[in-house]
Number of protein chains: 2
Amino acid sequence: MIKQTQRQIRNRLFAALTPSEFAAIAPGVKSVKLELGQPLHRAGEIVEDVYFPETGFISALAVLSDGYHLEIGLVGAEGAAGVSVILGSNTSYSEAMCQTGGLAWKISTASLRRAAAEHPHFRELLLRYVEVFHIQVAQTAACNAHHDLSQRLARWLLGAHDRSGVAELSLTQDLIAIMLGVRRSTVSVAAAQLQRAGIIRYQHGLITIVDRVGLENAACECYESVAGEYRRLFGEHPRDLPPLPTAA
Amino acid sequence: MIKQTQRQIRNRLFAALTPSEFAAIAPGVKSVKLELGQPLHRAGEIVEDVYFPETGFISALAVLSDGYHLEIGLVGAEGAAGVSVILGSNTSYSEAMCQTGGLAWKISTASLRRAAAEHPHFRELLLRYVEVFHIQVAQTAACNAHHDLSQRLARWLLGAHDRSGVAELSLTQDLIAIMLGVRRSTVSVAAAQLQRAGIIRYQHGLITIVDRVGLENAACECYESVAGEYRRLFGEHPRDLPPLPTAA
DNA sequence: CAAACTCTGTGCGGTACCGCACACGCAAAA
DNA sequence: TTTTGCGTGTGCGGTACCGCACAGAGTTTG
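Residues numbered from 1 in each chain as written. Chains lettered and ligands numbered in written order. Predicted model: local features only at pLDDT ≥ 70, side-chain atom pairs only at ≥ 80, totals over all residues. Heavy atoms only, no water.

Enquirer: Before we go on, may I ask you to explain the environment of H41 of chain B in this structure?
Expert: Residues and elements named next belong to chain B. Residue placement: H41 occurs in strand 2 (residues 39-41). Here H41 falls in the buried class, since its relative accessible area comes to 4%. Taking the C-alpha atoms as reference points, H41 and E224, separated by 183 residues in sequence, lie 28 Å from one another. What H41 contacts, discounting residues up to four positions off in sequence, is V47, D49, Y51, A81, G82, S92, S94, E95 and A96. In terms of polar contacts, H41 uses its side chain to reach the backbone carbonyl oxygen of D49, at 2.7 Å. (Helix = DSSP H or I, 4+ residues; strand = E, 2+ residues; numbered from the N terminus. Buried < 20%, exposed > 50% of the residue type's maximum accessible area, 1.4 Å probe, protein only. Contact = heavy atoms within 4.5 Å. Polar contact = N/O pair within 3.5 Å; in protein donor to acceptor, adjacent residues only side chain to side chain.)

Enquirer: Help me understand the packing of aromatic side chains in this model?
Expert: For any pair of aromatic rings, the description rests on two quantities: the centre-to-centre distance and the angle between the ring planes. One pass over the full model with this rule turns up 10 aromatic pairs over all chains. Aromatic side chains Y129 of chain B and F133 of chain B sit 6.3 Å apart centroid to centroid with 35° between the ring planes, which places their arrangement in the tilted category. Of the two residues, Y129 of chain B and F133 of chain B both sit in helix 4 (residues 120-146), four residues apart, roughly one turn of that helix. Taking the relative accessible area as the measure of exposure, F133 of chain B reaches 14% and is therefore buried. Their ring planes at 15° and their centres at 4.9 Å tell us that Y230 of chain B and F234 of chain B sit as a pair that is stacked. With Y230 of chain B and F234 of chain B both in helix 9 (residues 221-234) and four residues apart, this pair spans about one turn of that helix. Of the residues examined, F234 of chain B reaches a relative accessible area of 16% and is grouped as buried. An aromatic cluster is defined as three or more aromatic residues linked by ring pairs; in this entry it consists of F14, F52 and F122 of chain A. Above the ring of F234 of chain A, the side-chain terminus of R128 of chain A is found at 5.0 Å from the ring centroid. (Phe/Tyr/Trp six-rings, centres within 6.5 Å; stacked < 30°, edge-to-face > 60°. Lys NZ or Arg CZ within 6 Å of the ring centre and 35° of its normal.)

Enquirer: Just checking my understanding: could you explain the relation of the copies chain B and chain A for this structure?
Expert: Here two copies of a chain appear, and what relates them is a rotation about an axis with a shift along it. For the match of chain B to chain A, the screw axis carries a shift of 0.0 Å, the RMSD comes to 0.0 Å, and the turn is 180°. The relationship between the two copies is best expressed as a two-fold rotation axis. If distances are taken from each C-alpha of chain B to the rotation axis, the shortest is found for A141 of chain B, at 1.8 Å. Of the residues that chain B buries at the interface, 100% are likewise interface residues in chain A, meaning the two copies contact each other through the same surface. (Least-squares fit on C-alpha atoms with pLDDT ≥ 70 in both.)

Enquirer: How should I be thinking about the state of the cysteines in this particular structure?
Expert: Simply put, disulfide is the name for a covalent bond between the sulfur atoms of two cysteines. Overall, the coordinates contain zero disulfides over all chains when judged by the stated rule. Just so you know, C220 of chain A is unpaired, no disulfide at all, and the nearest cysteine sulfur is the one on C143 of chain A, 3.6 Å from it. (Disulfide = S-S within 2.5 Å.)

Enquirer: Quick question: what am I supposed to make of the pairing of strand 4 (residues 58-63) of chain B here?
Expert: Looking along a regular strand, one sees side chains alternate from face to face of the sheet. Residues and elements named next belong to chain B. Extensive coverage of strand 4 is indicated by the burial of five of its six residues. Count of turn residues in the strand 4/strand 5 (residues 69-75) antiparallel hairpin: five residues, of which G67 carries a positive phi of about 95°. Sheet topology places strand 4 next to strand 6 (residues 95-98); four bridges connect them, and they run antiparallel. When the bridges of strand 6 are listed, S59 appears paired with M97. (Pairing = 2+ DSSP bridges.)

Enquirer: I tried to follow the nonpolar core on my own but got confused; where do I start?
Expert: Side chains that are nonpolar tend, in soluble globular proteins, to be buried together. F52 of chain A together with F52 of chain B are the most contacted members of the largest nonpolar core, which totals 104 residues. Look past the residues within four positions of F52 of chain B in its chain and what remains in contact with it is N11, L13, F14, G79, A80, A104, W105, I107, L112, F122 and L126 of chain B. (Core = buried A, V, L, I, M, F, W, Y, C linked by side-chain atoms within 4.5 Å.)

Enquirer: Would you take a moment to explain the sheet that holds strand 4 (residues 58-63) of chain A for this structure?
Expert: In a beta sheet, neighbouring strands pair by backbone hydrogen bonds and run either parallel or antiparallel. Residue and element names in this part refer to chain A. Taken together, four strands build an open sheet; the order of strands is 2-6-4-5 and the sheet is antiparallel. Strand pairing shows two members of the sheet lacking a second neighbour, strand 2 (39-41) and strand 5 (69-75), which therefore form its edges. Strand-to-strand twist of the sheet, defined as the mean angle between neighbouring strand axes without regard to direction, takes the value 35°. Pairing between strand 2 and strand 6 (residues 95-98): two bridges, direction antiparallel. Note on strand 6: the bridge partner recorded for P39 is M97. (Axes fitted to C-alpha atoms, helices over the stretch in contact; angles between N-to-C directions.)

Enquirer: When you look at the protein's contact with DNA strand C in this model, what are you seeing that I'm missing?
Expert: Taken together, 19 residues lie near DNA strand C, and L149, R183 and T186 of chain A together with Q173 and Y202 of chain B sit nearest. When atoms of DNA strand C within 4 Å of the protein are sorted by moiety, sugar and phosphate together comprise 49%. Between L149 of chain A and DNA strand C, the recorded distance is 2.7 Å, taken from a backbone N or O atom to a phosphate oxygen. In this structure, R184 of chain B approaches DNA strand C through a side-chain N or O atom, which is 2.8 Å from a base oxygen. Of all the secondary structure elements, the ones that give two or more residues to the surface near DNA strand C are helix 7 (184-196) of chain A together with helix 7 (184-196) of chain B. (Near = heavy atom within 4 Å.)

Enquirer: I'm lost on the interface of chain B and chain A in this one. Help?
Expert: Buried accessible area, meaning the area lost when the parts come together, often serves as the stated size of an interface. Across the contact, 35 residues belong to chain B and 35 residues belong to chain A. Of the roughly 3300 Å² buried between chain B and chain A, counting both surfaces, carbon and sulfur atoms make up 61%. Broken down residue by residue, the surface that chain B buries against chain A is led by L87, Y93 and H134 of chain B, which jointly contribute 21%. Viewed at the interface, chain A and chain B are joined by zero salt bridges. For the pair chain B and chain A, the interface holds 14 residue pairs in polar contact (both at pLDDT 80 or more). Looking at the side of chain B that touches chain A, the elements that each hand over two or more residues are strand 5, helix 4 and helix 9 of chain B. A per-element tally of the side of chain B that touches chain A places helix 4 of chain B first, with 17 residues. Here the side of chain B that touches chain A is built from residues that sort into 18 nonpolar, 11 polar and six charged. (Buried area = accessible area lost by both parts, 1.4 Å probe. Salt bridge = Lys/Arg side-chain N within 4 Å of Asp/Glu carboxyl O. Nonpolar A, V, L, I, M, F, W, Y, C, P; charged D, E, K, R; others polar.)

Enquirer: Where do I start with the protein's contact with DNA strand D in this structure?
Expert: For DNA strand D, the set of nearby residues contains 19 residues, the closest of which are Q173 and Y202 of chain A together with L149, R183 and T186 of chain B. Among all atoms of DNA strand D positioned within 4 Å of the protein, those belonging to sugar or phosphate total 51%. At a separation of 2.9 Å, a base oxygen of DNA strand D approaches a polar side-chain atom of R184 of chain A. Interatomic distance of 3.1 Å between a backbone N/O atom of G205 of chain A and a phosphate oxygen of DNA strand D. Listed by contribution, the elements that provide at least two residues to the surface near DNA strand D are helix 7 of chain A together with helix 7 of chain B. With four residues, helix 7 of chain A is the single largest residue contributor to the surface near DNA strand D.

What follows is the structure, given as structure tokens:
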């Protein structure tokens, strides 16, 4: 179960619980370490556990029959991966995959459903997050059809920056290319462009975000549009997630 | 309120209700005529009513700041437009727009929420549909990034065919181009290709689907993938929606 | 019937991204 | 240090779609 007191918790869905709700749910929650590349849910398979990221983030990926994996949404401490089990289905449409190492809270599908049934406020919180996630996916659909890669790359980096809480991201261009559904070399060109503009620095699997505002200007509207919906429904901007805990 | 007896209802969400649930909900339901091009919900505005199509279909559109409208999902008698209000938000992320004339059942947001609260089976039905719709949108995101227009056009026509229940669709290429987020002339080329293959016939705003199986072969996997998820959660394939009532 | 309008087919130059391939630089292992 | 490997930058021909523009065919209106 969760050892931290609630005020130490970074995940916004848990942080928004009342103390009594938190106390009731905590026993079913386990802390787990997320490893880079680790699959948490597989397309078409049963969702055993739902993951509430504490640090790091998780990609939701659509899997096409030719083996292509393509990101449809990003989940960090603002939400949870696999939360749509509370809509009723037991299996996952998408694949959930860790993109960075980090920590998450894990709760079994059955426990989550029980908690949601017993605590209407928690249930309502989860449903609201389902809606925000849905909006993110919808915006991605439009973005994929209409915006070009340099904008989409900037948008993606902003999302990763918000959720990771650090300016240095361990990410190869290869991985980003898969997320965005383009060739690696196309990412290379777009990234070089951002680097020349002094917005990011790229060095062997390590991206540093140098100029956050510049990155926001380079991105398409889709970042701010989704972030705005999150703020509308949750009252805080994803940019303002709590900082990472300093190492004890 | 609904005058038909329940067994005459084509909409699958209403048809799946138990007789007593149906009787309880019916008084809040009004029949409305859908006109081509009529907007039912506007992006960012309050959702006053939720629409359960009986014939015809409705597009959900993302609106980008440059004015582009781009379809993210299609709703027909298998579902309802605006149903995500049961997740909690009062406003609509997307725009809902009629693509054909037809009939729909309309219920106010407040009545729908009350009905969902009082009838768990109805609520569970609605949530399951929210999930299917979400899957449709997610698949569209991947499809937009990865499949080319000829496949996407075929996919779209299949969806329209399923929902309209007739082989003749009143649709200009201009309208389809907006839905798919491409130029009209690109649609023209792809449609001419399908026509030469004897799959459809196109004549001044009227598409006739000649070879349904051929159309399925011409489409990308995305059609069958979403349809399969629908069947998994609702037990019937969208292709098998009840036929239109014959004129009395 | 003719005129006005709507819708579809086609063409041209331009661009974004593809698939593939290869060279270079940084980094960890021998 | 040298070697090996991984990650990044770049180039080339090809393709899908863009923006724009115009002709022709079908449909409605006068």
